[in-house]
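# Inside the fold
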Amino acid sequence: MNIQSNAMTESSIRPQGMPAAISAARAMYWSIRRELWENRSIYLVPLAVAGVALFGFCLSSFVGIWEEPLRLNPAQPQAPYELAAGLMMLTGIVVSVFYCLDALYGERRDRSILLWKSLPVSDLITVLAKASIPLFVLPLIVFTVTLATQWIMLLLSSAVVLASGMSVGELWRNLSIIPMWLLLLYHFVTAHVLWPYPVYCWLLLVSGWARRAVFLWAALPVLVIGGFERMTFHTLHFAEIVGGHLIGNAPVMDMAPGSMGLDPLTTHVTVGRFISSPGLWIGLALSAVFLAAAVRLRRNQEPI
Amino acid sequence: MSVIEARGLRKAFGATVALDGIDLRIEEGRILGLIGPNGAGKSTALNAILGLTQYEGQLRILGRDPWNERDLLMRDVCFIADVAVLPRWARVSQLLDYVAGVHPRFDRAKAAGFLAKTSIRHGSRVRELSKGMVTQLHLALVMAIDARLLVLDEPTLGLDILYRKQFYDSLLNDYFDHNRTIVVATHQVEEIEHVVTDVMFIDRGRIVFDRSMEELETRYLEVMVRPEKVGAARALKPMHERQAIGGSILLFNGVDRQQLAALGDIRTPSIADVFVAVIGNQHGQAQGAAQ
């Protein structure tokens, strides 16, 4: 009854028949789009790095200026693909760090937080939209660009191999591209998305709190705790843990020494070890705490 | 239901009291001018109304608790803080897309219609627009939202006179109707003189004056008194006295019009005159008490 009468008053006040509410999913979608408008580096930087990687690959394939391991070798073709993937992973880390440092700071610095807060989007949705960039959006972009890059590399090297009269079959067999991509996906999601996520969430939290010098404030605990630990116990465990999470030094696979783990023949994934490592779960719990704190903080934040 | 209802609204920043127990009730269809010196608590009051700051006391906006329900409240409330809040990186079309995406009561065609009357192009970025154009853009966005309460905090700060005039003209002609309520805080008293239906003065966190414009115009009278009649005029207890060429100007509250006409030329005081009288007296009393 109540609902009905409310609906009737609603429609009598709003003859245009506009919906009274917007779903959380829709608010989320538009909030993520606005992040992509504001931070074009999320897709431009991976594309630019991929372009550079392809350019370097062309030089090595056609001109052959690089050292032996990177030169086109149908018997051992992984090296340049691993290098390109590694470069893209590194790009993902760098872009995530810069994005998170600015995410909740930029809107306060340019006062646009007053515009965003004048619209019916909750602080929770806004913070989750920002937190989803290093969790979903950027990984998706980096992974897609990596696959596209490697695919173009494969086509280029096939052309070179064909032109030199060697067998393309050997190259494709030795590269085993589909297992390589599955391995890459696994490595990427575990070591470069889930493992460093608490670090990204920490940066988001500090970006919502600091009035200036976000990076210094974010690094301060590492410096203080790390310095204290170094002086007292002469160890560097804390800094190693934080750094290890950031660069993706996670127990996700066993691989041959010197390899980057993209060769399915020499690499063995250790899903069980990853899933059962306390580092993963403590990290994810901390991520949730940091995000919850960031939501609370944004409620009270004014422009700086 | 009142649009805004506050009882004992209080907010302190450390030892500084920004709002010192405000009681307030604003009905639908009014345009309230909130006027006060710098640091009087205008912005704090508006921030509390908009759910941007926590407060003590009771506050209901359209029946909602603004601090805990800001996102719901913003379906029915719009605000323009000042001209500099539109993000400089955004394109006009992106802002239209975004607001259309997240606001259930935004009419994109209406916003485009308002923009068509300006020289703002949809492909421009905010950073390429002049300050006046940014205000036009923000106003176009806000006027296309079918909201019940519009809050403006110094909306014309830093604009030239053409844009300022246009701003209030658009609001009155293209936006305001009797289902809507507008609260505007400013210290540009003259420019809202003919816009507002109610006036409220706020000073040091308290409301010191709260009248409708009709009341202001009927109760308050200013008389230009020649020097020889000043004594007689002062006996009628003016609120305020100031010197002018050829005599004194005395401001009276609730004194009979006929009686005053005998003393000199009568005119209706501007909001600014009443403001100076009320706030000046407040400060005078405060100083007197301190001494």
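### Re the sheet that holds strand 3 (residues 31–35) of chain B
Residues and elements named next belong to chain B. Overall, mixed pairing links the six strands, which are arranged 5-6-7-3-8-9 in an open sheet. The open sheet has two edge strands with one neighbour each: strand 5 (77–80) and strand 9 (206–212). Each strand of the sheet is rotated relative to its neighbour by a mean of 15°, with strand direction disregarded. In the sheet, strand 3 pairs with strand 8 (residues 198–203) via four bridges, with the strands oriented parallel. For Leu34, the partnering residue across the bridge sits in strand 8 and is Met200. Helix 1 (residues 42–49) contacts strand 3, strand 6 (149–153), strand 7 (181–186) and strand 8 of the sheet and is inclined by roughly 150° relative to strand 6.

### Examining the pairing of strand 9 of chain B
Two faces, one strand: in a regular strand the side chains alternate between the faces of the sheet. All names here are of chain B. Bridge count between strand 8 and strand 9: six bridges; the pairing is antiparallel. Bridging from a neighbouring strand, Asp198 pairs with Ser212 of strand 9. Between strand 8 and the antiparallel strand that follows it, strand 9, lie two residues; Arg204 among them carries a positive phi value of about 45°.

### Here we look at the sheet that holds strand 13 (residues 264–267) of chain B
Residues and elements named next belong to chain B. The four strands lie next to each other as 11-12-10-13, forming an open sheet whose pairing is antiparallel. Because the sheet does not close on itself, it has two edges, and the strands there are strand 11 (240–244) and strand 13. Going from strand to strand, the sheet's axes swing by 25° on average, the running direction of each strand aside. Where strand 10 (residues 220–225) and strand 12 (residues 247–253) come together, six bridges link them in antiparallel fashion.

### Side note on the confidence of the model for chain A
Residue and element names in this part refer to chain A. Counting all residues, the mean pLDDT for chain A is 84, and 86% of those residues have values of 70 or more. Predicted confidence in chain A is weakest over helix 1 (residues 2–13), with a mean pLDDT of 41, and strongest over helix 10 (residues 197–209), with 95. Under a pLDDT of 50 for its full length, residues 1–18 has, in the predicted model, five contacts with residues more than four places off or in other chains.

### Here's the deal with the environment of Arg164 of chain B
Residue and element names in this part refer to chain B. Tracing the backbone shows Arg164 in helix 6 (residues 161–175). By C-beta crowding, Arg164 is classed as partly exposed, having 19 other C-beta atoms within 10 Å. Leaving out residues up to four positions away in the same chain, Arg164 has contacts with Thr156, Leu159 and Glu191.

### As for the interface of chain A and chain B
Interface size, as often reported, equals the accessible area lost upon joining of the parts. Facing 25 residues of chain A, the contacting portion of chain B comprises 25 residues. When contributions to the side of chain A that touches chain B are tallied by element, the ones reaching two or more residues are helix 2 (24–38) and helix 6 (113–116) of chain A. The leading source of residues in the side of chain A that touches chain B is helix 2 of chain A, at six residues.

### Details of helix 7 (residues 123–163) of chain A
All names here are of chain A. For helix 7, with 41 residues, the first-to-last C-alpha span of 58 Å sits near the 60 Å given by 1.5 Å per residue. At Ile133, helix 7 shows its maximal kink, close to 55°; a proline, Pro134, follows between one and four residues later. Gly165 sits one or two positions beyond helix 7 and adopts a positive phi of about 85°.

### Quick word on the packing of helix 11 (residues 214–233) of chain A against helix 12 (residues 237–247) of chain A
Residue and element names in this part refer to chain A. Across the interface, helix 11 lies against helix 12 with an axial gap of 7 Å and an inter-helix angle of 140°. In terms of orientation, helix 11 and helix 12 fall into the oblique class. Here Val222, Ile225, Gly226 and Glu229 of helix 11 lie close against helix 12, whose contacting residues are His237, Phe238, Ala239 and Val242.

Analysis parameters
Residues numbered from 1 in each chain as written. Chains lettered and ligands numbered in written order. Predicted model: local features only at pLDDT ≥ 70, side-chain atom pairs only at ≥ 80, totals over all residues. Pairing = 2+ DSSP bridges. Helix = DSSP H or I, 4+ residues; strand = E, 2+ residues; numbered from the N terminus. Axes fitted to C-alpha atoms, helices over the stretch in contact; angles between N-to-C directions. Contact = placed C-beta atoms within 7 Å. pLDDT = per-residue confidence, 0-100. Buried ≥ 20, exposed ≤ 12 C-beta atoms within 10 Å, placed from the backbone. Expected span 1.5 Å × (residues − 1). Bend = angle between axes of the 7 residues up to and from the residue. Parallel < 35°, antiparallel > 145°, perpendicular 65-115°, else oblique.

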